[in-house]
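Survey of secondary and tertiary structure
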Amino acid sequence: MKINSVIFDLDRTLVNLTDFVDWGRAEGLILRVYVKEGVPENLVKTFSGRGLIPLLVNMNEELLKVFPRERAEMIQAKAYEAMEKCELEGVPSTQLMPGCPQVLRWLKAHGVKRGIVSFNSDLVVNKILDLHDIGVLIDAVVARDVRYRMKPHPDQFLLCLEKLG
């Protein structure tokens, strides 16, 4: 079996961003967005305190049940923008994971396409790739976006595979 493409996660796989972001502050900002945008309080309480990723994934699904799609996506986009502010603060401190550039270069040299599927924003992913000069080693990026469901749903992976051809 020949492997023709590999899809990576970004944070804690290719780079360490996690240790340099105040995720508690991000969650607080996101919760404030939901409340300000009129998301029912019981819904906000149901998903708060379970961690940032479950909060965003579950709220995305629930917003689509409570609001028309356009309104739900607008609310989620504002929540993502709040999170992005915190992520961007950590970008300058990110560190490459051991062996990351070597693995990416080896895959490229062997004709294996390389993609990233990330819970982080597109802006954050691209700033990190540029900062560490590894963007030229990546063929496709699919980052957080209100138009599709986040991992573990397959939406991002399917889009990345499509981009990789």
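Treat the numbers as computed from the prediction; the structure is a model and nothing was measured.

Here we look at the packing of helix 3 (residues 52-66) against helix 4 (residues 69-90)
Following both chains from N to C, one finds helix 3 and helix 4 inclined at 165 degrees, their axes separated by 8 Å at the closest point. When the axes of helix 3 and helix 4 are compared, the pair comes out roughly antiparallel. Relative to helix 4, helix 3 is oriented so that their crossing is right-handed. Each of Leu-52, Leu-56, Met-59, Asn-60, Leu-63 and Leu-64 in helix 3 lies in contact with helix 4, whose residues at this interface are Arg-69, Ala-72, Ile-75, Gln-76, Ala-79, Tyr-80 and Met-83. In terms of residue class, the contact of helix 3 with helix 4 is built from 10 nonpolar, 2 polar and 1 charged.

Brief notes about the environment of Val-103
With respect to the helices and strands, Val-103 occurs in helix 5 (residues 100-109). Exposure remark for Val-103: the relative accessible area of 43% places this residue in the partly exposed category. Distance from Val-103 to Leu-158, taken between C-alpha atoms, is 23 Å for residues 55 residues apart in sequence.

Overview of the packing of helix 1 (residues 23-36) against helix 4
Packed helices, taken two at a time, are described by their axes: the angle between them and the distance between them. Where helix 1 contacts helix 4, the axes come no closer than 9 Å and their chain directions differ by 160 degrees. Overall, the two elements helix 1 and helix 4 adopt an arrangement that is roughly antiparallel. The element helix 1 and its partner helix 4 pack so that their crossing is right-handed. Each of Trp-23, Arg-25, Ala-26, Leu-29, Ile-30, Val-33 and Tyr-34 in helix 1 lies in contact with helix 4, whose residues at this interface are Ile-75, Gln-76, Lys-78, Ala-79, Ala-82, Met-83, Cys-86, Glu-87 and Glu-89. Across the contact of helix 1 with helix 4, the residue classes break down as 11 nonpolar, 1 polar and 4 charged.

A word on the packing of aromatic side chains
For the structure on display, the rule yields 0 aromatic pairs. A cation sits over an aromatic face here: Arg-71 above Phe-67, 5.6 Å from the ring centre. A cation over an aromatic ring shows up here: Arg-144 above the ring of Tyr-80, its NZ or CZ 5.2 Å from the ring centre.

Describing the side chain of Gln-156
Mapped onto the elements of the fold, Gln-156 is located in helix 7 (residues 155-164). A polar contact of 3.1 Å, which involves the side chain of Gln-156, links it to the backbone nitrogen of Lys-151. If we skip the residues at most four places from it in the chain, Gln-156 touches Val-117, Ser-118, Val-142, Ala-143, Arg-144, Tyr-148, Arg-149, Met-150 and Lys-151.

Comments concerning helix 3
Between the first and last C-alpha of helix 3 there are 20 Å, a value that for 15 residues agrees with the 21 Å anticipated at 1.5 Å per step. The complete set of buried residues in helix 3 reads Leu-52, Leu-55, Leu-56, Val-57, Met-59, Asn-60, Glu-62 and Leu-63. For helix 3, the elements touching its buried residues are helix 1, helix 2 (41-47) and helix 4.

Describing the pattern of salt bridges
Across all of its chains, the model carries 12 salt bridges by this definition. For Arg-25, the salt bridge is made with Glu-89, and the minimal N-O distance between the two is 2.9 Å. Of this pair, Arg-25 sits in helix 1 while Glu-89 sits in helix 4, and the two are 64 residues apart along the sequence. For Arg-25, a relative accessible area of 35% gives the class partly exposed. Salt bridges here are not isolated pairs; linked through shared partners, they connect Glu-37, Arg-71 and Lys-78.

Some thoughts on the sheet that holds strand 1 (residues 5-8)
Reading across the sheet, the 3 strands line up as 1-4-5 and stay open at both edges, with parallel pairing between neighbours. The sheet terminates laterally at strand 1 and strand 5 (140-142), the two strands that pair on one side only. Strand-to-strand, the axes of this sheet are offset by a mean angle of 20 degrees, without reference to chain direction. As paired elements, strand 4 (residues 113-117) and strand 5 share 3 bridges and run parallel to each other. In the sheet register, Val-117 faces strand 5, and the bridge partner there is Val-142. Of the strands in this sheet, strand 1 and strand 4 are in contact with helix 5, which crosses strand 1 at around 155 degrees.

So, how was this worked out
- Residues numbered from 1 in each chain as written.
- Predicted model: local features only at pLDDT ≥ 70, side-chain atom pairs only at ≥ 80, totals over all residues.
- Heavy atoms only, no water.
- Axes fitted to C-alpha atoms, helices over the stretch in contact; angles between N-to-C directions.
- Helix = DSSP H or I, 4+ residues; strand = E, 2+ residues; numbered from the N terminus.
- Parallel < 35°, antiparallel > 145°, perpendicular 65-115°, else oblique.
- Left-handed = near helix turned anticlockwise from the far one by under 90°.
- Contact = heavy atoms within 4.5 Å.
- Nonpolar A, V, L, I, M, F, W, Y, C, P; charged D, E, K, R; others polar.
- Buried < 20%, exposed > 50% of the residue type's maximum accessible area, 1.4 Å probe, protein only.
- Phe/Tyr/Trp six-rings, centres within 6.5 Å; stacked < 30°, edge-to-face > 60°.
- Lys NZ or Arg CZ within 6 Å of the ring centre and 35° of its normal.
- Polar contact = N/O pair within 3.5 Å; in protein donor to acceptor, adjacent residues only side chain to side chain.
- Expected span 1.5 Å × (residues − 1).
- Salt bridge = Lys/Arg side-chain N within 4 Å of Asp/Glu carboxyl O.
- Pairing = 2+ DSSP bridges.

It is worth stressing that arrangement in space is one thing and function is another; only the former is reported here.
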